[in-house]
Amino acid sequence: DVRDLVQSGRNEHLCHYLSLKFKEDRDFALSGSTEHEFGLAHRLDVDTSGAIILGKSLKGFLHLRQSFKSRQVFKEYICLVHG
């Protein structure tokens, strides 16, 4: 169960969470696919704990991967500062 994994305090990989959280979600077919990296299409700005992009279907996953590979994705950064 996802709650058990989160509450365990163990450092687990995101794929474990995705697999447990979405294993019965028909709209997220890749959540249990090791072949397609659990739908993890891209991690923006790894060095700064960036957003994670998931492909819920094979078509979406492949499209996202190809878009990043061919540099068709435009990224714009906004910095919000308070105080």
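Only a predicted model underlies this, so the values are computations on that prediction, with no experimental measurement involved.

It is not clear to me how the nonpolar core should be interpreted in this structure. Could you clarify?
Among soluble globular proteins, nonpolar side chains are generally buried collectively. Formed by Cys15, Leu18, Phe28, Leu30, Phe38, Leu40, Ala41 and Phe61, the largest nonpolar core amounts to eight residues. Those elements giving two or more residues to this core turn out to be helix 2 (14-22) and strand 1 (40-43). When residues no more than four places from it in sequence are discounted, the contact partners of Phe61 are Leu30, His36, Gly39, Leu40, Ala41 and Gly55.

Would you explain the environment of Asp27 in this entry?
Along the polypeptide, Asp27 turns up in the loop between helix 2 and strand 1. We classify Asp27 as exposed; its relative accessible area is 60%. Remark: the alpha-carbon pair of Asp27 and Lys56, spanning 29 residues in sequence, is separated by 6.7 Å.

Teacher, can you tell me more about the confidence of the model for the protein chain here?
Caution applies to low-pLDDT parts of the model: their predicted coordinates are not meant to be read in detail. For the protein chain, the mean per-residue pLDDT works out to 76, and 76% of the residues sit at or above 70. Ranking the elements of the protein chain by mean pLDDT puts helix 1 (residues 2-7) last with 64 and helix 3 (residues 58-69) first with 88.

So what exactly am I meant to see when it comes to unusual backbone geometry here?
What is expected of a backbone is that most residues other than glycine have negative phi and most peptide bonds are trans. In this structure, Arg71 is a non-glycine residue whose phi angle is positive, near 60°. In this structure, Arg71 sits in the segment after helix 3.

Explain helix 3 to me, please; I cannot follow it from the model alone.
Working note: α-helix, 3.6 residues per turn, so residues spaced by three or four point in the same direction. In a regular helix each residue adds 1.5 Å, so 12 residues correspond to 16 Å; helix 3 covers 16 Å between its end C-alpha atoms and thus fits that length. Buried within helix 3 are the following residues: Phe61, Ser67 and Phe68. Taken end-on, helix 3 shows its buried residues confined to a sector of 135°, consistent with a single buried face. Exposed residues lying more than 90 degrees from the buried face of helix 3 are Lys59, His63 and Lys69. One or two steps after helix 3, the chain reaches Arg71, where phi turns positive at roughly 60°.

So what exactly am I meant to see when it comes to a nonpolar patch on the surface here?
On the surface, a cluster of nonpolar side chains totalling about 200 Å² of accessible area is made up of Leu14, Ile52 and Leu54. With respect to the helices, strands and loops of the structure, Ile52 is situated in strand 2 (residues 52-54).

Procedures and definitions
- Residues numbered from 1 in each chain as written.
- Predicted model: local features only at pLDDT ≥ 70, side-chain atom pairs only at ≥ 80, totals over all residues.
- Heavy atoms only, no water.
- Core = buried A, V, L, I, M, F, W, Y, C linked by side-chain atoms within 4.5 Å.
- Buried < 20%, exposed > 50% of the residue type's maximum accessible area, 1.4 Å probe, protein only.
- Helix = DSSP H or I, 4+ residues; strand = E, 2+ residues; numbered from the N terminus.
- Contact = heavy atoms within 4.5 Å.
- pLDDT = per-residue confidence, 0-100.
- Expected span 1.5 Å × (residues − 1).
- Arc of directions from axis to C-beta.
- Patch = residues over 30% accessible without salt bridge, like charges linked within 9 Å, V, L, I, M, F, W, Y side chains within 5 Å.
- Areas by Shrake-Rupley, 256 points an atom, 1.4 Å probe, with all protein chains shown as cover.
- Salt bridge = Lys/Arg side-chain N within 4 Å of Asp/Glu carboxyl O.

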